[in-house]
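# Survey of secondary and tertiary structure
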Amino acid sequence: MYTQRGHARRTRTASSPDAFGEFQASALFCERCRAAQPVRERRLLFLADGELWEYLCVVCGASLGTRRTTPGGAGGGGVGA
Ligand SMILES: [Zn+2]
């Protein structure tokens, strides 16, 4: 059973950059189209510590990559030493 979170997140136009520094792709290079295409996100998985999203080319539907989001805690603490 999924625990749906209360926030329905809409894809808003990326005109206002978030201060979070969270990378949000609006266009990626599609090998099938041989051009940079706008992408849309599709949620693949709910993880224990976040969600896994997939980027799909809006033109041909090819998968262009994935992204993992972490709820709340961006930045992480101990990377490297
Ligand atoms: Zn494409």
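What you see is a predicted model; the values in this text were computed from it and never measured.

It is worth spelling out the sheet that holds strand 1 (residues 27–30) at this point. A sheet is described by the order of its strands in space; here four strands give the open sequence 1-2-3-4, paired in antiparallel fashion. At either margin of the open sheet sits one strand with a lone partner, and together these are strand 1 and strand 4 (63–69). When the angles between neighbouring strand axes are averaged without regard to direction, this sheet yields 40°. Where strand 3 (residues 50–57) meets strand 4, six bridges bridge the pair, whose relative direction is antiparallel. Bridged to Leu-52 within strand 4 is Arg-68.

Our focus in this paragraph is the pairing of strand 2 (residues 35–47). For strand 2, a buried count of one out of 13 residues is recorded, marking the element as mostly open to its surroundings. Of the pairings in the sheet, the one linking strand 1 to strand 2 comprises four bridges and is antiparallel in character. Along strand 2, the bridge assignment pairs Phe-29 with Ala-36. Here strand 1 hands over to strand 2 after four residues, with Arg-34 in that stretch at a positive phi of 55°. Here strand 2 runs beside strand 3; their pairing, made up of eight bridges, is antiparallel. Considered in strand 3, the bridge of Arg-42 is made with Glu-54. Between strand 2 and strand 3, which pair antiparallel in sequence order, lie two residues.

How each quantity is defined
- Residues numbered from 1 in each chain as written.
- Predicted model: local features only at pLDDT ≥ 70, side-chain atom pairs only at ≥ 80, totals over all residues.
- Pairing = 2+ DSSP bridges.
- Helix = DSSP H or I, 4+ residues; strand = E, 2+ residues; numbered from the N terminus.
- Axes fitted to C-alpha atoms, helices over the stretch in contact; angles between N-to-C directions.
- Buried ≥ 20, exposed ≤ 12 C-beta atoms within 10 Å, placed from the backbone.

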